[in-house]
Amino acid sequence: MLESAIYDCPYCGEEVETTLDLSGGDQTYIEDCQVCCRPILFILQVHGEEWMLDVKREDDA
(Lines give C-alpha, C1' and ligand atoms only; values in the text may rest on other atoms or scores of the structure.)
Protein backbone atom coordinates (compact mmCIF):
# COMPACT_ATOMS: atom_id res chain seq x y z
CA MET A 1 0.00 0.00 0.00
CA LEU A 2 1.54 3.30 -1.12
CA GLU A 3 0.92 6.57 0.67
CA SER A 4 2.10 10.12 -0.06
CA ALA A 5 3.71 12.13 2.73
CA ILE A 6 5.05 15.66 3.00
CA TYR A 7 7.95 16.41 5.32
CA ASP A 8 10.32 19.30 6.04
CA CYS A 9 13.97 18.53 5.27
CA PRO A 10 15.94 18.65 8.55
CA TYR A 11 18.87 20.26 6.69
CA CYS A 12 17.48 22.88 4.27
CA GLY A 13 13.95 23.23 5.72
CA GLU A 14 12.26 22.78 2.34
CA GLU A 15 8.91 21.01 2.20
CA VAL A 16 9.29 17.80 0.19
CA GLU A 17 6.81 15.11 -0.88
CA THR A 18 7.71 11.44 -0.87
CA THR A 19 5.94 8.12 -1.41
CA LEU A 20 5.90 5.56 1.42
CA ASP A 21 5.40 1.81 1.02
CA LEU A 22 3.37 0.85 4.09
CA SER A 23 3.19 -2.84 3.13
CA GLY A 24 6.67 -3.44 4.63
CA GLY A 25 5.60 -2.47 8.15
CA ASP A 26 7.96 -0.49 10.39
CA GLN A 27 11.03 0.70 8.48
CA THR A 28 14.16 2.76 9.02
CA TYR A 29 16.09 3.88 5.95
CA ILE A 30 18.12 6.74 4.49
CA GLU A 31 17.02 8.76 1.48
CA ASP A 32 18.61 11.89 0.04
CA CYS A 33 16.68 15.17 0.14
CA GLN A 34 15.27 15.97 -3.30
CA VAL A 35 16.30 19.62 -2.84
CA CYS A 36 19.70 19.74 -1.09
CA CYS A 37 20.78 16.08 -1.62
CA ARG A 38 21.75 15.57 2.05
CA PRO A 39 21.06 12.14 3.63
CA ILE A 40 17.87 12.02 5.72
CA LEU A 41 17.02 9.24 8.17
CA PHE A 42 13.40 8.15 7.71
CA ILE A 43 11.69 6.32 10.57
CA LEU A 44 8.34 4.91 9.49
CA GLN A 45 6.01 3.25 12.01
CA VAL A 46 2.96 1.40 10.72
CA HIS A 47 0.07 0.30 12.93
CA GLY A 48 -2.68 -1.18 10.75
CA GLU A 49 -4.20 1.67 8.74
CA GLU A 50 -2.39 4.35 10.77
CA TRP A 51 1.22 5.36 10.24
CA MET A 52 3.73 7.94 11.46
CA LEU A 53 6.81 9.27 9.70
CA ASP A 54 9.71 10.90 11.52
CA VAL A 55 12.67 12.41 9.65
CA LYS A 56 16.05 13.27 11.18
CA ARG A 57 19.47 14.41 10.07
CA GLU A 58 21.69 11.40 9.51
CA ASP A 59 24.20 12.78 12.04
CA ASP A 60 21.42 13.03 14.71
CA ALA A 61 20.83 9.27 14.68
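As annotated in an unreviewed UniProt entry, the protein carries the name CPXCG motif-containing cysteine-rich protein and comes from Pseudomonas urmiensis.

### Notes on the overall build of the protein
Looking only at helices and strands, one finds zero helices and five strands in the protein. Going residue by residue from the N terminus, the α and β elements of the protein occur as β-β-β-β-β. Radius of gyration (C-alpha) of the protein: 11 Å, near the 10 Å computed for a compact globule of 61 residues. Overall, the C-alpha framework of the protein stretches about 30 × 20 × 15 Å when taken along its three principal axes. Within the protein, the fraction of its 61 residues that count as buried is 26%. A fraction of 28% describes how many contacts in the protein between residues 6 or more apart in sequence connect residues 24 or more apart.

Cut-off values and rules
Residues numbered from 1 in each chain as written. Predicted model: local features only at pLDDT ≥ 70, side-chain atom pairs only at ≥ 80, totals over all residues. Heavy atoms only, no water. Helix = DSSP H or I, 4+ residues; strand = E, 2+ residues; numbered from the N terminus. Rg over C-alpha atoms; globule rule 2.2 N^0.38 Å. Buried < 20%, exposed > 50% of the residue type's maximum accessible area, 1.4 Å probe, protein only. Contact = heavy atoms within 4.5 Å.

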